[in-house]
Amino acid sequence: MSATAASLTLGLPLFLDAGLSALANASGPSEAWRECVERDTAKAAAGVTGAFAVGLREPDGRTFLAVDRFAIQTLCYRVVNGQLRFAARADELADPGTEIDPQAIFDYLYFHVIPSPRTIYKGIYRLPPANYALFKDGQLTVAPYWHPSFEEPRGVSFEGLQREFKELLLDAVTKQLDGNQAACFLSGGTDSSTIAGMASLASGNTVATYSIGFDAQGYDEMEFARLAAKHFKTDHHEYYVTPDDLVRSIPAVAAHFDQPFGNSSALPAYYCAKMARDNGVSKLLAGDGGDELFGGNSRYAKQRVFSWYDHVPGILKSGLMSPLLGTRTAAAFALTRKVGSYVEQARVPMPDRLQMNNLLVRLGVTQVLTPRLLDQIDTNAPLGLQRQVWQAAKGCSHLNRELAYDWRFTLAESDLPKVLGAASLASVGVAFPMLDDRLFAFSQRLPTGYKLKGLKLRWFFKEALRGFLPEEIIHKKKQGFGLPFGVWVTANSQLKALARDSLTSLAGRGVVRVDFIETLLTQRLAEHPAYFGEMVWVLMMLEQWLRQRAPSYQLT
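About the criteria used
Residues numbered from 1 in each chain as written. Predicted model: local features only at pLDDT ≥ 70, side-chain atom pairs only at ≥ 80, totals over all residues. Heavy atoms only, no water. Phe/Tyr/Trp six-rings, centres within 6.5 Å; stacked < 30°, edge-to-face > 60°. Helix = DSSP H or I, 4+ residues; strand = E, 2+ residues; numbered from the N terminus. Buried < 20%, exposed > 50% of the residue type's maximum accessible area, 1.4 Å probe, protein only. Lys NZ or Arg CZ within 6 Å of the ring centre and 35° of its normal. Pairing = 2+ DSSP bridges. Axes fitted to C-alpha atoms, helices over the stretch in contact; angles between N-to-C directions. Contact = heavy atoms within 4.5 Å. Polar contact = N/O pair within 3.5 Å; in protein donor to acceptor, adjacent residues only side chain to side chain.

S.K.: What exactly am I supposed to notice about the packing of aromatic side chains here?
M.R.: Both the distance between ring centres and the angle between the ring planes are used here to describe each pair of aromatic rings. Counted by the stated rule, this structure contains 33 aromatic pairs. Geometrically, the ring pair formed by Phe64 and Tyr132 is stacked, given 6.2 Å between the ring centres and 25° between the ring planes. With Phe64 in strand β5 (residues 63–67) and Tyr132 in strand β9 (residues 131–136), the pair connects residues that are 68 residues apart, well separated along the chain. When sorted by exposure, Phe64 lands in the same class as Tyr132, which is buried. Ring centres of Trp390 and Tyr405 lie 5.9 Å apart, and the angle between their planes is 70°; on these two criteria the pair is classed as edge-to-face. In this pair, Trp390 sits in helix α17 (residues 381–392) while Tyr405 sits in helix α18 (residues 398–425), placing the two residues 15 residues apart along the sequence. Across the pair, Tyr405 and Trp390 agree in class, each one buried. Grouping aromatic residues by their ring pairs yields a cluster made of Phe158, Phe165, Phe294, Phe442, Tyr450, Trp459, Phe460 and Phe461. A cation over a ring is seen here: Arg408 above Phe409, with NZ or CZ 5.9 Å from the ring centre. Above the plane of the ring of Trp459 lies Lys453, whose end atom (NZ or CZ) is 4.5 Å from the centre.

S.K.: Looking at this structure, I do not really get unusual backbone geometry. What am I missing?
M.R.: Outside of glycine, negative phi angles account for most residues, and trans bonds account for most peptide bonds. The linkage connecting Ser116 with the following residue, Pro117, adopts the cis geometry, with an omega of 10°. In this chain, Met350 is followed by Pro351 through a cis amide linkage whose omega measures 5°. Inspection of the secondary structure assignment puts Pro351 in the loop between α13 (334–346) and α14 (359–363). Here the phi dihedral of Asn81 falls at roughly 55°; this positive angle occurs in a residue that is not glycine. For Asn81, the location among the structural elements is in the loop between β6 (76–80) and β7 (83–87). The phi torsion at Asp137 lies on the positive side, around 55°, for a residue other than glycine. In this structure, Asp137 sits in the loop between β9 and β10 (139–144). Residue classification places Asp137 among the exposed positions, given a relative accessible area of 70%.

S.K.: So what exactly am I meant to see when it comes to the sheet that holds β9 here?
M.R.: Whenever strands of a sheet pair, they do so through backbone hydrogen bonds, lying parallel or antiparallel. As summarised here, the arrangement of the five strands in space is β1-β4-β5-β9-β10, forming an open sheet in which the pairing is antiparallel. Two strands bound the open sheet, and with one partner strand each, they are β1 (7–11) and β10. Taken over all neighbouring pairs, the strand axes of this sheet differ in orientation by 10° on average, direction set aside. Together, β1, β4 (52–57) and β5 form the strand contacts of helix α2 (residues 29–39), whose direction differs from that of β4 by roughly 70°.

S.K.: Sorry, what's going on with the environment of His256 here?
M.R.: Inspection of the secondary structure puts His256 in helix α7 (residues 243–256). A C-alpha to C-alpha distance of 33 Å links His256 and Val37, two positions 219 residues apart in sequence. Setting aside residues up to four positions removed in sequence, His256 forms contacts with Arg89, Gly421, Ser424, Leu425 and Arg549. At 3.3 Å, the side chain of His256 and the backbone oxygen of Gly421 are in polar contact.

Such coordinate-based values are descriptive only and should not be taken to indicate function.
The following block contains the structure:
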């Protein structure tokens, strides 16, 4: 669609106002949006749920944009000759003269994606989730129309919440069925198994499930996918991704996204969607969101352990722990080294503490990047964005603040674009029942202790579905479609050659240091394939995107 079009409406907006809903049904969503914006521009999108993106040019010269709370539908924009242009993808707004933004390259290497509002292109921006934009009289305003909020109800009934939860789950899945055979991604994890089971209940027919496996120790969880498929009596389909598949598909997957994208699970997700498409499936249900709504990521328990340090009396911290743990004697013993590491991390507030595990930071920014790139970027910009998002959730528990933070950085910026992008390359649509608005609202009023009970992750979710899900799945560790790239790239000659060629070329563009690439490929990768393989993948996908989208790019 033209970036200068009068309107753009994407997705399925659900207007909460009965009059606007009737108008949308009678005249289309664009007319309902115009009426909504006319009533109250700043709050227009707050009364709309579902997955949506909208761009409107008003007769009075104003331009209004908005995207849903998870940016499932995206919208990018740029100002050209006093006019705000907009499109679903950043590359639709770029022209031959549009420059690559060095800061975006750094953000990509830091996050492995380029978080909004920045894009890979200078002067082109992506509207952040739950934000609107208004361009009026040459001035652009971008602001959130919704902020994360939580309740901590007391005296709740587990049985009552359990009934409501299961009803909401079933309803969320039912709303996504379109009359064709229900089909689901199935990793064998808690979320995808739940969606497959609920789809079986909702449809009353056999559900098709699609799973990806890897012939690599520690990465394949097909056993659990088969267990779920057998339990819910699905029509199950499997595909084992190979290193040769990667060599064939990496260029196409990289080029399909509108900017560099480094989430390695995109490739297995593509093969899963492709398998479904080859079977005639046009829409898949995905389980993304359960961990971030109900407290399922292992880092939540880890951060709770760090929070215990806040309760240590100050005199004990300063008078005993700090002097003792800082000695050479303490460093000589494994136990005291671990305690020292714990204290060192616990002292750092969130979200800054997350930097301590950031791959680029741990490798050393100056050891990885060239002086030319470093001279053109702000290495503190990513942390500034992280702090801004962290502060957006106010008056809530530490865990809920972590969840709200992950709604932005894990879901909206990484996992959802991964699934949507991979599936669209295979010409398959995707729905996310876990992110249904009523289920999302339920999660926001679920007590913190029901999400993380002691150190038990997503306690309520698992207890509420006990008897519905197989016990083995309830107790399994989270994995998903994790790609064994690091293991494969050390053993497969073609994949190794593709990686070396890509990284050498990227170094030739002036982005990364030649000596770092050589050390990474000849020494560090062999020492720890899984850990350093992630950096190889991220750099390779950046180069593969540049080759096809900006082949002449050279850092100046």
